[in-house]
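# Analysis of the macromolecular model
Below are the chains, spelled out letter by letter.
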Amino acid sequence: MSNIYESAEATLGFISSPCLTKVELRVACRGISDRDALSKPDPCVVLKMQSHGQWFEVDRTEVIRSSSGPVFSKIFLVDYYFEEVQRLRFELHDISSGNNGLRDADFLGAMECTLGQIVSQRKLTKALLKQGNTAGKSSITVTAEELSGNDDYVELSFSARKLDDKDFFSKSDPFLEIFRINDDGTESLVHRTETVMNNLSPVWKSFKVSLNTLCSGDHERELKIQWECINPKYQMKKKNYRNSGVVILNHCKIIKMYSFLDYIMGGCQIQFTVAIDFTASNGDPRNSCSLHYIHPYQPNEYLKALVAVGEICQDYDSDKMFPAFGFGALIPPDFKVSHDFAVNFDEDNPECAGIQGVVEAYQNCLPKIQLYGPTNIAPIIQKVASSASEEMHTKEAMEYFILLILTDGVITDMADTREAIVHASHLPMSVIIVGVGNADFTDMQILDGDDGILRSPKGEPVLRDIVQFVPFKDFKHASPAALAKSVLAEVPNQVVDYYNAKGIKPKCMSDYESTRTFSP
């Protein structure tokens, strides 16, 4: 299956899309062997990143003299993309005294991983390898920390009382403006409230504004809000003039906005599930024209899409066990049609070991089933939603579910699917649908909320957009990494939107890391 992984792992080169998240990586090593009985090594770590199958140096640490357990002060700053497999290689070199170059340095070992593995564990420790073997007892620890701007916002509510009446035939129509004072002393309008008609004691609607907009994230920055409304003309003319009314701040609350990495580094796991279309329209798997045909050297579109998306999601699941289901087939032993059967035929435990396990279960089940129909996906959405519902009741950010549906045609249970998606939009769950083959998928676009709000047959709108649909044929001549990037790009925002809307904070590392185990 190496061809599948080689095609799925192909990268897009150095990133051209804008990066919203940067990550700091700190490096330390332990157990580095001494050069000899009289001298310790002078270690330096070189960070490399893979592009088009080649390793390119990104940066390197300082050289620490005579140390077998260096803690480097150099911080690597890298761009982070959830939707891409970002392969990293940390090389440890012994730089001889008086020479900072690598040409004459001794190679002490290396560690390869993905950036996703580091951020999902926050602190990753692995043995250093040299020519495929462990380099003595030496190990490297990489710690990740997000470097982000201030995305917090403030919620404000104002009212006023006893304002002057400015109209002859009715009461005034007041509104409120808030300005911030810039560094150069000028003023910038931050917010203008709505106008309250015919009212001298208005209560304006509460509003939210980001701290960046309000004060550039500077809590000490001066704001200009007129508390006592002073009219200079009245002040000069009237001896006993006090004010023209008073503005009251009723409510002020700074609300912390957490990022995707806040949740991932706080222990949130991505629970990845795949559902595969086994309807008759795919063609007989024994025929080379079938979408399910297993070519000995070239993976079919189902496998390409499965591996491309699964390879990324697996970094965020500690046990690397993935449920895999099929729909639209007649299954043994009684060969009745099923729309949510376990691909490994173990209904009590539909999980497969790693993405490779899903691939093998898919290939093994093809000769045992009969492709049939119709194309119903509501049952599998409801099955995953049931698990997501249990997680929702915990009111903790520990599991977020991603369902990947691979199908070759327009679904036949559109009404039930719309109902299932609207229900799922209230849960910690996202749905990715990849259309395989050359069918006309125009009707499937209704499920993706990009062109409008999806509604159930009863008219209930989705709470949030959780569906991403793409036809595989749009990526036929691109690397599978491009497909993964397209379908997964919205997931981080979907995760953040769900937990922030529920008011669920990330868990602290200390709450879970002592009991958390990871598969290699």
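Fair warning: this is a prediction, and the values are worked out from it, not measured in the lab. (Residues numbered from 1 in each chain as written. Predicted model: local features only at pLDDT ≥ 70, side-chain atom pairs only at ≥ 80, totals over all residues. Heavy atoms only, no water.)

## Brief notes about the sheet that holds strand β21 (residues 370-371)
Pairing is antiparallel across the open sheet formed by 3 strands, whose spatial order is β18-β17-β21. One side of each edge strand has no neighbouring strand; the edge strands of this open sheet are β18 (336-338) and β21. Relative to β21, strand β17 (residues 329-331) runs antiparallel, the two sharing 2 bridges. Bridging across to β21, A329 finds its partner in L371. (Pairing = 2+ DSSP bridges. Helix = DSSP H or I, 4+ residues; strand = E, 2+ residues; numbered from the N terminus.)

## Description of the environment of Y362
Along the chain, Y362 falls in helix α7 (residues 354-365). Put simply, Y362 and A342 are 20 residues apart on the chain and 9.9 Å apart in space, counted from C-alpha to C-alpha. The contact partners of Y362, leaving out residues within four places of it in the chain, are I276, F278, H292, I294, N300, Y302, L303 and V343. (Contact = heavy atoms within 4.5 Å.)

## Describing helix α9 (residues 414-424)
An α-helical segment advances 3.6 residues per turn. Residues three or four places apart therefore align on the same side. For α9, every residue scored as buried is listed here: M414, T417, A420, I421, V422 and A424. Along its buried surface, α9 packs onto α8 (378-392), β23 (429-435) and β24 (467-471). (Buried < 20%, exposed > 50% of the residue type's maximum accessible area, 1.4 Å probe, protein only.)

## A word on the packing of helix α6 (residues 301-313) against helix α10 (residues 480-488)
At a minimum axis distance of 9 Å, the contact between α6 and α10 shows a crossing angle of 60°. When the interaxial angle is binned, α6 and α10 end up oblique. Relative to α10, the crossing made by α6 is right-handed. Of the residues in α10, those touching α6 at K304, A305, A308, V309, I312 and C313 are P480, L483, A484, V487 and L488. Looking at the contact of α6 with α10 residue by residue, the classes come out as 10 nonpolar, no polar and 1 charged. (Axes fitted to C-alpha atoms, helices over the stretch in contact; angles between N-to-C directions. Parallel < 35°, antiparallel > 145°, perpendicular 65-115°, else oblique. Left-handed = near helix turned anticlockwise from the far one by under 90°. Nonpolar A, V, L, I, M, F, W, Y, C, P; charged D, E, K, R; others polar.)

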